[in-house]
Amino acid sequence: MSKNSYHINNLKELEAESIHIIREVAAEFENPVMLYSIGKDSSVMVRLAEKAFYPGKVPFPLMHIDSKWKFKEMTAFRDKYAKEMGWDLIVHYNKKAFEEGVGPYTHGSKVHTDVMKTQALLEGLNKYKFDAAFGGARRDEEKSRAKERIYSFRDKFHQWDPKNQRPELWDIYNAKVQKGESIRVFPISNWTELDIWQYIRLENIPIVPLYYAKERPVVNVDGNYILVDDDRMPKEMADKAEMRMVRFRTLGCYPLTGAIESEADTIEKIVEEMMTVTKSERTTRVIDFDQEASMEQKKREGYF
Amino acid sequence: MEITEFLDQDQKKDLLRLLTAGSVDDGKSTLIGRLLFDSKKLYEDQLSALERDSKREGHAGEEIDYALLLDGLKAEREQGITIDVAYRYFSTAKRKFIIADTPGHEQYTRNMVTGASTANLAIILIDARKGVITQTKRHTFLVSLLGIKHVALAVNKMDLMDYSEAVYDKICDDYKEFITPLGIPDVRFFPMSALKGENVVDLSDKMPWYHGKSMLEYLETIHITSDRNFEDFRFPVQYVVRPSLDYRGFAGKVSSGIVKPGDDIMVLPSGKTSRVKEIVTYDGSPNMAFPPQSVTLTLEHEIDVSRGDMLVHPDNLPGISRHFESMLVWMDEKPMDLNTQFLIKHTSNNTKARIDSINHMVNINTLEHFDAKTFELNEIGHVTITTAKPLFFDAYKKNRQTGAFVLIDPRTHHTVAVGMIIDKTNARQAHRITQHELQKVAQGGLLIDPVQKEKRFNQKGHTLWITGLHGSGKNELAYTLYRELFNQGATPVLLDGKSVRAGLSRELDYSPSDRAEHLRRVAHMCRLLNDQGMLVICSFVSPDNAVREQVAEIIGPDKFHLFYLEANLDFCKSNDQYDIYKKADRGEIQHIPGYDMQYDIPQKTQLTLNALEKSHQAETIFQYLEKNIIYPVS
């Protein structure tokens with residue numbers, strides 16, 4: 001048998017690495033959870049978890065932090081697949097703030113994100129006393145993530161200190177935490193955007209239809225096409241809506257996530273668009289522009 | 001090209017992980033920036049953001065500062081240096097790449113070691129104006145320490161030396177002289193100007209005297225698959241998959257070697273054997289698994305396997321020991337405290353570890369050895385380590401996966417050190433290393449089927465262990481048993497305190513700890529003899545219940561038969577052939593079980609024999625042997 005039989009391609013190597021990480025966490029933590037954002041990266045991560053424990057079931061729950069401003073199609077997708085796949089899914093949201101009516105239109109994107117995403121996440125983690133939380137972040141997404149560990153240590157306040165991260169060598173991960181401390185685990189750290197799309201294509205992983213181009217009612221806000229997803233959008237804004245062929249490169253809260261004009265209605269066309277129209281994916285997330293190095297700031301505060 | 005064609009091609013690419021070492025001054029960030037840029041990875045908006053940043057903080061005048069693309073964190077940007085490992089991703093038509101970008105400053109050895117741990121290849125940058133400097137040597141040493149097999153020496157800034165072949169040759173010669181003793185198998189040289197893009201992606205016309213490949217072409221074509229160890233099958237069990245009561249799958253990543261359904265395997269540390277029934281994956285059952293695949297194995301037999309165990313081929317065992325020597329890199333701000341009992345993580349195994357000795361330290365600038373009493377941040381040295389339970393390991397040089405470990409501080413939980421195990425045959429202190437765990441599995445029993453031995457000797461390779469006070473008549477009974485068995489055609493072996501203490505345990509006294517060590521040796525001897533098919537008769541006071549249990553554990557509970565010779569102290573004193581009690585009465589000796597120290601009366605025995613009924617003792621034992629088919633077996 002030639003040496004070539006032992007050749008492993010990029011995706012299979014990444015897959016093996018991710019599965020190894022997911023199994024390590026399941027074996028070494030008392031109470032792990034997988035944060036499920038409904039996005040494409042999350043969908044890949046969940047598939048990897050299913051593979052890791054096959055033919056057994058995934059031995060930890062998924063948790064979705066619902067900001068209550070997600071696209072309707074996201075929520076519908078979440079509920080459909082959780083049921084079909086038999087996931088143990090926790091949906092958590094900041095009840096108090098929701099009842100107070102916190103939202104991006106009334107409180108601004110910064111307050112909304114902080115209260116409905118970051119605070120809600122920390123609340124959810126504390127409520128169930130999770131000592132490890134998987135996230136679907138990738139190192140190639142954004143500059144401050146390029147230095148993130150696979151096991152990212154968080155103190156009792158879920159804070160990230162970029163200067164105080166544990167050395168991480170080989171595939172040996174330090175899972176030791178004191179009570180109250182936790183680890184954020186990023187099993188798909190080494191995947192690129194193209195890897196994710198390629199994997200979704202090869203594995204037939206279902207994704208939210210918003211990723212595919214379709215005629216949708218959108219409003220042009222400073223060059224970002226914002227979808228009119230429900231009647232919470234201020235009327236004077238919604239009135240400016242026009243039908244355009246658009247799709248979303250990332251998914252989040254609908255008022256904070258811009259669509260791009262696109263004809264790409266298949267994965268192949270999405271990849272083609274990605275390879276030719278060169279715009280890195282996070283630019284369509286409005287929150288990143290709030291302040292210089294804003295992602296790093298959010299990470300310090302406990303957001304991913 | 002059609003997009004489906006593109007995707008199908010993309011899917012076939014493999015992954016190369018590389019490390020870049022050198023300081024910003026050497027043009028490292030410029031080189032990386034150019035590799036990324038020229039491979040079209042730099043997306044439009046990243047570039048426009050860069051132009052914005054460049055105006056404010058740039059250090060490269062009018063030109064685009066590639067370094068800014070790479071320095072992620074704000075604090076670091078303010079200092080103008082990268083202070084951690086950053087991972088970059090790019091892809092060409094032929095391959096995908098992950099670059100671990102690490103800084104070159106001395107205080108950041110920690111980061112470079114981290115980046116090197118997962119890399120297949122290292123690019124070491126040299127400023128052509130400076131040549132081989134201390135920093136180059138340091139980087140090269142760390143690269144070799146972490147077992148990187150391919151080094152590309154990029155002699156950069158050739159534009160500032162008029163693209164001189166002589167300058168380049170001199171640097172290459174200097175470097176070769178330095179690198180030879182380090183034993184890095186594959187070293188290549190590249191004259192280059194990262195700033196001008198000469199020999200980075202395309203071959204330069206400025207250096208017609210250079211006939212090699214460009215850096216990118218080299219990175220795209222270098223063969224790395226055979227760097228993996230396909231010889232020694234090692235499968236650390238990570239997780240036991242149990243979807244139903246009658247299904248047990250052992251999940252893990254193949255560290256090295258190849259496994260196929262039907263392969264004989266041995267479980268470490270139990271030594272139990274079975275065969276691979278199936279390789280299970282979500283995508284079907286492949287006919288083999290190899291590194292670095294993550295799979296699940298099912299076995300033909302129902303045997304006990306749990307996380308931390310290792311599956312191996314029985315004819316190819318790793319080192320199995322609680323003692324080993326290792327190179328250690330100290331990663332923590334706080335110096336090493338030799339009194340700490342560290343937590344050690346090695347493959348999927350967690351246990352405790354102690355540093356027995358610091359044998360020498362290495363000056364990473366000169367590679368000279370020196371002595372030290374402790375380790376400080378970024379120091380590297382050679383140590384001897386003892387762990388609380390045996391590890392299953394290979395030399396790091398042979399096997400990166402099973403030769404690597406980390407030490408964790410039990411209080412702070414920091415990863416304080418990382419280690420690379422040295423081939424144990426080279427261990428200078430080999431005489432101190434107990435190899436009993438190795439013997440435990442490397443039994444001669446493997447050569448000949450135990451059933452065949454049973455037939456030949458007409459006996460089972462078991463141990464009959466007689467315990468009782470001094471003077472209870474143990475030895476007498478043992479001798480009777482030995483003679484009778486021999487006369488009837490068995491092949492017994494007799495071990496008693498006197499004979500073992502005359503040689504094997506000569507330096508040990510009668511204190512509880514030395515008694516324990518003495519009996520540990522005896523137990524391993526029994527194990528070896530049993531494995532060869534011998535029926536062993538042991539006569540030892542063995543007063544401690546815990547030690548007897550340990551002995552049973554070493555020999556194997558199913559092969560260990562405990563006979564208690566019950567006698568009161570008065571009887572023993574009257575039967576005191578060696579005047580032990582008389583001497584004790586006079587205070588000449590101490591530690592006499594049942595007299596001045598505890599003798600634990602065995603709670604669970606196979607037989608309890610009355611010391612007064614001498615005539616029945618041997619007979620009772622013979623009945624027991626026959627009934628349990630220990631002797632005769634046919």
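Residues numbered from 1 in each chain as written. Chains lettered and ligands numbered in written order. Predicted model: local features only at pLDDT ≥ 70, side-chain atom pairs only at ≥ 80, totals over all residues. Heavy atoms only, no water.

Some remarks on the overall build of chain B
- Per the secondary structure count, chain B includes 18 helices and 25 strands.
- Here chain B holds 634 residues, and 58% of them are scored as buried.
- With the model as given, the accessible surface of chain B reaches about 27,600 Å², and the carbon-plus-sulfur share is 48%. (Helix = DSSP H or I, 4+ residues; strand = E, 2+ residues; numbered from the N terminus. Buried < 20%, exposed > 50% of the residue type's maximum accessible area, 1.4 Å probe, protein only. Areas by Shrake-Rupley, 256 points an atom, 1.4 Å probe, with all protein chains shown as cover.)

Section: the overall build of chain A
- Each helix and strand counted, chain A has nine helices and 10 strands in total.
- Looking at chain A as a whole, 63% of its 304 residues qualify as buried.
- When contacts within chain A are restricted to residue pairs at least 6 apart in sequence, long-range pairs at least 24 apart make up 75% of them.
- If you sum the accessible surface of chain A, you get close to 11,600 Å²; carbon and sulfur atoms cover 50% of it. (Contact = heavy atoms within 4.5 Å.)

Some points on the sheet that holds strand β3 (residues 89-92) of chain A
Residue and element names in this part refer to chain A.
- Pairing in this open sheet of six strands is mixed, and the strands run β3-β2-β1-β4-β6-β5 from one edge to the other. Sheet topology places β3 and β5 (151-154) at the edges, where each strand pairs with a single neighbour. Sheet twist, expressed as the average angle between the axes of neighbouring strands with direction ignored, equals 30 degrees.
- Where strand β2 (residues 62-65) and β3 come together, four bridges link them in parallel fashion. Note on β3: the bridge partner recorded for Met63 is Ile90. (Pairing = 2+ DSSP bridges. Axes fitted to C-alpha atoms, helices over the stretch in contact; angles between N-to-C directions.)

Observations regarding the packing of aromatic side chains
Residues and elements named next belong to chain B.
- Tallying each qualifying case throughout the model produces 35 aromatic pairs over all chains.
- Ring centres 6.3 Å apart and planes at 50 degrees place the aromatic pair Tyr175 and Phe178 in the tilted group. Of this pair, Tyr175 and Phe178 both sit in helix α8 (residues 165-179), separated by three residues, roughly a single helical turn. Accessibility classification places Tyr175 together with Phe178 in one group, the buried group. (Phe/Tyr/Trp six-rings, centres within 6.5 Å; stacked < 30°, edge-to-face > 60°.)

Things to note about empty space enclosed by the protein
- For the structure on display, the rule yields 13 cavities of 30 Å³ or more.
- There is about 140 Å³ of room inside the second largest cavity.
- If you go around the second largest cavity, the residues you meet are His20, Glu24, Asp171 and Ile172 of chain A together with Pro236, Gln238, Lys253, Ser255, Thr347, Ser348 and Gln401 of chain B.
- Looking at side-chain class alone, the lining of the second largest cavity contains two nonpolar, six polar and three charged residues. (1 Å grid on protein atoms, 1.4 Å probe; cavity = no way out; pocket = protein on both sides within 12 Å on 5 of 7 lines; lining within 4 Å. Points joined across faces, edges and corners; volume = space filled by probe spheres on them. Nonpolar A, V, L, I, M, F, W, Y, C, P; charged D, E, K, R; others polar.)

Concerning the state of the cysteines
- Following the criterion strictly, the structure yields zero disulfides over all chains and no others.
- Considering cysteine sulfurs only, Cys526 of chain B is the nearest to Cys538 of chain B, which forms no disulfide, with 3.4 Å between them. (Disulfide = S-S within 2.5 Å.)

A closer look at the sheet that holds strand β9 (residues 242-247) of chain A
- Taken together, four strands build an open sheet; the order of strands is β8-β7-β9-β10 (chain A) and the sheet is antiparallel. Each of the sheet's edge strands pairs with one partner strand only, and the pair in question is β8 (224-227) and β10 (260-261) of chain A.

Concerning the nonpolar core
- Core analysis: the largest hydrophobic core is formed by 152 residues, its most contacted members being Tyr151 and Trp170 of chain A together with Ile123 and Leu219 of chain B.
- In this structure, Ile123 of chain B is in contact with Leu18, Leu19, Thr20, Ala21, Leu31, Ala152, Ala154, Met215 and Leu219 of chain B, ignoring residues within four places of it in sequence.
- By size, the runner-up hydrophobic cluster in this structure holds 32 residues, among which are Ala478, Leu485, Tyr581 and Leu607 of chain B. (Core = buried A, V, L, I, M, F, W, Y, C linked by side-chain atoms within 4.5 Å.)

Quick notes on the pattern of salt bridges
- As enumerated under the stated definition, the model contains 55 salt bridges over all chains in all.
- With a shortest N-O distance of 3.3 Å, Glu198 of chain B and Lys206 of chain B are connected by a salt bridge.
- One connected set of salt bridges, linked through shared partners, spans Lys12, Glu15, Arg47, Glu50, Lys51 and Glu203 of chain A together with Asp283 of chain B. (Salt bridge = Lys/Arg side-chain N within 4 Å of Asp/Glu carboxyl O.)

What about the confidence of the model for chain B?
Residues and elements named next belong to chain B.
- Confidence along chain B averages 87 in pLDDT terms, with 88% of residues attaining 70 or more.
- Across residues 41-48, confidence stays below pLDDT 50; counting only partners more than four residues off in sequence or on other chains, it has 22 contacts.
- Note on residues 54-62: pLDDT is under 50 here. Beyond four places in sequence and across chains, it has 10 contacts.
- If you check the scores for this complex, the pTM reads 0.76 and the ipTM reads 0.91. (pLDDT = per-residue confidence, 0-100.)

Details of the pairing of strand β11 (residues 273-280) of chain B
Residue and element names in this part refer to chain B.
- The sheet contact formed by strand β10 (residues 264-268) and β11 spans three bridges and is antiparallel. Its bridge partner being in β11, Met266 is matched across the sheet by Thr273.
- Between the end of β10 and the start of β11, which pair antiparallel, lie four residues, with Gly271 showing a positive phi angle near 80 degrees.
- Here β11 pairs with strand β12 (residues 294-299) via four bridges, running antiparallel. Its bridge partner lying in β12, Glu278 is registered against Thr298.

Considering the pairing of β8 of chain A
- What you see with β8 of chain A is no split at all: Asn224 and Ile226 of chain A on one side and Tyr225 and Leu227 of chain A on the other are buried throughout.
- Connecting strand β7 (residues 214-221) of chain A to the next strand, β8 of chain A, in antiparallel fashion are two residues, including Asp222 of chain A with a positive phi near 50 degrees.

Brief notes about the packing of helix α12 (residues 474-487) of chain B against helix α18 (residues 614-627) of chain B
Residue and element names in this part refer to chain B.
- It is the contact of α12 with α18, at a shortest axis distance of 10 Å, that shows an interaxial angle of 50 degrees. Viewed along their axes, α12 and α18 adopt a mutual orientation that is oblique. Here α12 runs over α18; the crossing is right-handed. Along its contact with α12, which presents Glu476, Leu477, Thr480, Leu481, Glu484 and Leu485, the element α18 presents Lys614, Gln617, Ala618, Ile621, Phe622 and Leu625.
- Class assignment for the residues of the contact of α12 with α18 results in seven nonpolar, two polar and three charged. (Parallel < 35°, antiparallel > 145°, perpendicular 65-115°, else oblique. Left-handed = near helix turned anticlockwise from the far one by under 90°.)

What about the interface of chain B and chain A?
- Residue-level contacts link 89 residues of chain B with 71 residues of chain A.
- For the pair chain B and chain A, the summed buried surface comes to about 7,300 Å²; carbon and sulfur atoms form 57% of the total.
- Among the residues of chain B in contact with chain A, Tyr89, Tyr282 and His413 of chain B are the three that bury the most area, contributing 10% of the side total.
- Note that Glu13 of chain A and Arg228 of chain B form a salt bridge whose closest N and O atoms lie 3.3 Å from each other.
- Counting every contact that joins chain B to chain A gives 33 residue pairs in polar contact (both at pLDDT 80 or more).
- Broken down by element, the residue count for the side of chain B that touches chain A peaks at eight residues, all from helix α1 (residues 3-12) of chain B.
- Among the residues forming the side of chain B that touches chain A, the class breakdown is 40 nonpolar, 24 polar and 25 charged. (Buried area = accessible area lost by both parts, 1.4 Å probe. Polar contact = N/O pair within 3.5 Å; in protein donor to acceptor, adjacent residues only side chain to side chain.)

Quick look at α1 of chain B
- Residues of α1 of chain B that are buried: Ile3, Leu7 and Asp10 of chain B. Within α1 of chain B, the buried residues cover an arc of 60 degrees as seen down the axis, which keeps them to one side. (Arc of directions from axis to C-beta.)

Considering α8 of chain B
All names here are of chain B.
- With 15 residues, α8 should reach 21 Å at 1.5 Å per residue; the first-to-last C-alpha distance of 21 Å fits that figure.
- Tucked inside the fold, the buried residues of α8 contact β4 (121-127), α7 (134-145), β5 (150-156) and β6 (186-191).
- Looking at where α8 begins, the residue whose side-chain oxygen comes 3.3 Å from the main-chain nitrogen of Ala166 is Ser164. (Expected span 1.5 Å × (residues − 1).)

Observations regarding the packing of helix α2 (residues 40-53) of chain A against helix α6 (residues 193-203) of chain A
Residues and elements named next belong to chain A.
- Viewed as axis vectors pointing N to C, α2 and α6 meet at an angle of 60 degrees, and their least axial separation amounts to 10 Å. Relative to α6, the element α2 lies oblique. For the crossing formed where α2 meets α6, the hand is left-handed. Contacts between α2 and α6 involve Lys40, Asp41, Val44, Arg47, Leu48 and Lys51 from the former and Glu193, Ile196, Trp197, Tyr199, Ile200 and Glu203 from the latter.

Quick notes on the side chain of Asp26 of chain B
All names here are of chain B.
- With respect to the helices, strands and loops of the structure, Asp26 is situated in the loop between β1 (14-21) and α2 (28-38).
- One buried charged side chain, Asp26, makes no salt bridge at all; its nearest oppositely charged neighbour is Lys130, positioned 4.7 Å away.
- Side-chain polar atoms of Asp26 contact the side chain of Gln135, separated by 3.1 Å.
- Ignoring anything within four residues of it in the chain, the contact list for Asp26 reads Leu125, Asp127, Gln135, Asn156 and Lys157. (Lys, Arg positive; Asp, Glu negative; His and termini not counted.)

Here we look at unusual backbone geometry
- The peptide bond linking Tyr54 of chain A to Pro55 of chain A adopts the cis configuration, its omega dihedral lying at 0 degrees.
- Inspection of the secondary structure puts Pro55 of chain A in the loop between α2 and β2.
- Residue Leu268 of chain B is joined to Pro269 of chain B through a cis peptide bond whose omega torsion reads 10 degrees.
- In this model, Lys157 of chain B sits at a positive phi of 60 degrees, which is unusual for a non-glycine residue.
- Looking at the secondary structure, you find Lys157 of chain B in the loop between β5 and α8.

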